[in-house]
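Given next are the chains, with one letter for each unit.
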Amino acid sequence: MFRRLTATAALLAAALTPTLAGTASAADAPLRELADARGIYLGTAVTGGKLTGAYADTAAAQFDSVTPGNEMKWGSVEPVRGQYSWTGADRIVDFAEAHGQEVRGHTLVWHSQLPSWVENGTWTPDALRTVMTDHVTTEVSRYKGRVDHWDVVNEPLNEDGTLRRSVFGATLGESYVADAFRAARAADPAAKLYVNDYSTDGIGAKSDGMYALVKRLLAQGVPIDGVGFQAHLILGQVPSTMEANLRRFADLGVDVAITELDIRMTLPATEAKLARQKADYAAVTRACLAVTRCAGLTVWGFTDSDSWIPDFFPGEGAATPYDENLSPKPARAGIAEALAPGTPPGPAGCTAAYTVQSQWGGGFTGQVTVRNTGTAPLTGWRVVWEYPAGQRIAQAWNATVAQTGTAVTATNLPYNGTVPAGGSVTFGFNASWAGSNPPPTVLGCG
Ligand code: G2I
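What you are looking at is a predicted structure, and each value in this text was computed from that prediction instead of being measured. (Residues numbered from 1 in each chain as written. Predicted model: local features only at pLDDT ≥ 70, side-chain atom pairs only at ≥ 80, totals over all residues. Heavy atoms only, no water.)

Let's talk about the side chain of Asn-196
Phase 1: When you line up the elements, Asn-196 lands in strand β5 (residues 192-197).
Phase 2: Residue Asn-196 is classed as buried on the basis of its relative accessible area, which comes to 0%.
Phase 3: At 2.9 Å, the side chain of Asn-196 and the side chain of Asn-154 are in polar contact.
Phase 4: The residues contacting Asn-196, other than those within four sequence positions of it, are His-106, Asp-151, Val-153, Asn-154, Glu-155, Pro-156, Gly-228, Phe-229, Gln-230, Thr-259 and Glu-260. (Helix = DSSP H or I, 4+ residues; strand = E, 2+ residues; numbered from the N terminus. Buried < 20%, exposed > 50% of the residue type's maximum accessible area, 1.4 Å probe, protein only. Polar contact = N/O pair within 3.5 Å; in protein donor to acceptor, adjacent residues only side chain to side chain. Contact = heavy atoms within 4.5 Å.)

Observations concerning unusual backbone geometry
Trans peptide bonds make up the majority, and among non-glycine residues the majority have a negative phi.
Phase 1: With an omega of 0°, the peptide bond running from His-106 to Thr-107 counts as cis.
Phase 2: If you trace the backbone, Thr-107 turns up in strand β3 (residues 102-109).
Phase 3: For the bond from Leu-267 to Pro-268, the omega torsion is 5°, close enough to zero to count as cis.
Phase 4: Considering the arrangement of structural elements, one finds Pro-268 in the loop between β8 (255-266) and α13 (271-290).

Some words on the environment of His-106
Phase 1: Its place among the elements puts His-106 in strand β3.
Phase 2: Each C-alpha atom of the pair His-106 and Gly-315 lies 27 Å from the other, and the pair is 209 residues apart in sequence.
Phase 3: A polar atom in the side chain of His-106 sits 2.9 Å from the side chain of Asp-151.

A short note on the pattern of salt bridges
Phase 1: Applying the stated criterion across every chain yields a total of 18 salt bridges.
Phase 2: Across the pair Glu-97 and Arg-146 runs a salt bridge, and its minimum N-O distance is 2.8 Å. Residue Glu-97 is found in helix α6 (residues 87-98), and its partner Arg-146 is found in the loop between α8 (125-142) and β4 (149-154); the two are separated by 49 residues along the sequence.
Phase 3: One salt bridge connects Arg-104 with Asp-151, and the closest N-O pair in it is separated by 3.0 Å. (Salt bridge = Lys/Arg side-chain N within 4 Å of Asp/Glu carboxyl O.)

Considering the pairing of strand β9 (residues 294-299)
Phase 1: The buried fraction of β9 is high, at six of six residues.
Phase 2: Note: β8 against β9, three bridges, orientation parallel. Bridging across to β9, Ile-258 finds its partner in Leu-297.
Phase 3: Note that the unit made of β8, α13 and β9 has a crossover that is right-handed. (Pairing = 2+ DSSP bridges. Right-handed = clockwise from strand over helix to strand, strands pointing away.)

Comments concerning the packing of α13 against helix α15 (residues 330-339)
Phase 1: At a closest axis distance of 7 Å, the pairing of α13 and α15 adopts a crossing angle of 30°. One element, α13, and the other, α15, form an angle in the roughly parallel class. Here the hand of the crossing between α13 and α15 comes out right-handed. Residues Leu-274, Gln-277, Lys-278, Tyr-281, Ala-282, Thr-285, Arg-286 and Leu-289 of α13 lie in contact with α15, whose contacting residues are Pro-330, Ala-331, Ala-333, Gly-334, Ile-335, Glu-337, Ala-338 and Leu-339.
Phase 2: Looking at the contact of α13 with α15, its residues break down into ten nonpolar, three polar and three charged. (Axes fitted to C-alpha atoms, helices over the stretch in contact; angles between N-to-C directions. Parallel < 35°, antiparallel > 145°, perpendicular 65-115°, else oblique. Left-handed = near helix turned anticlockwise from the far one by under 90°. Nonpolar A, V, L, I, M, F, W, Y, C, P; charged D, E, K, R; others polar.)

Such coordinate-based values are descriptive only and should not be taken to indicate function.
Structure, rendered in structure tokens:
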């Protein structure tokens, strides 16, 4: 299903081909159309009980794939042994079909949100294996032909890349992974079967463990089609090795997908942080686009009013592309601009280096060099940063510089907006300081 080439692609390309990333026309198009034109799906996790009104309208208009946030988990569908409850899952699958969306089934075998009869049961290996494969067979069969991708096994690894000692890992060892995939394939041969985990987004011990696991499964002939990278990220910390990591898995002969993207920040959200988040969302989108076998990208909730972050990380939030009132944030434009026809995939094309040139009592002169590290010309740029110690810009040259509170935004002037690939431009400013003059805490370029 990956790399779909559609008639829409050509139409959109004709209508929207921008001279630069980030034109208004690309930003205004539904994300699902932009994604489709680039051959990937753009999904969101949803909460079934919220699928009415503006929430439903946005989910349907902007996304062409949905993942139930909780409704397909074992604890939701079979809280008591033998008693199934499909209402929540059915509602989401029906919604997806009504709106021409794919469904990512999430998730069949996971150590969390298990019914207590599974988690706290006393199991012989054979009994647990049977219960697990029966569960996989029952759920996959119920949605046969209606779920496009299944997260068959979720989060099987520890941080060091070894097998997590969940009830499944501890009782059955690694063999449970293969058995779960075989049961899923038998129940719906057409569904794409994924293993999914977090903190495997860049190259490191955990993703090395995942890489080795997938290699072993493939060598054993286990029917695994793809690897999901959850991408629960922190502002400013998109792994630099993300694209290379996705590519090494794709080179094993499996699809890859970004399955649960969110980018959290310490609250309150400021203009500078939201601009940084925009660049981060764009970078993840471009990493997926750069890898031909990246099937699609799913955000873990599309609105800040439907995100797990504030509950799990007190003081953090604003992690999704739409705010609590369903208004698009800069992050949404970051996705749109990365998906816009003509935007090259791969690493973001812009870096900004901030230096203090000279400093005296109460004042200093600063300089920022904007460098185009991409392969296409930059046509218009913006640099944002946040001052941690009350510094204030007084006067700038070679850029328009505006400051609101601690947040500073610098945009190009008409004569220096175009930066060729590999080129750079520099602007400067005089500013005041008191007490200390530490460098900016957030610096983004886009
Ligand atoms: O934890 C973030 C995600 C990590 N990867 C697997 C995903 O399945 C997981 O999703 C989250 C849901 O977004 C949350 O909504 O999984 C959480 C549980 O680990 C979900 O939180 C639970 C709360 O803990 C419950 O108190 C609540 O009843 O959501 C339930 C339904 O709202």
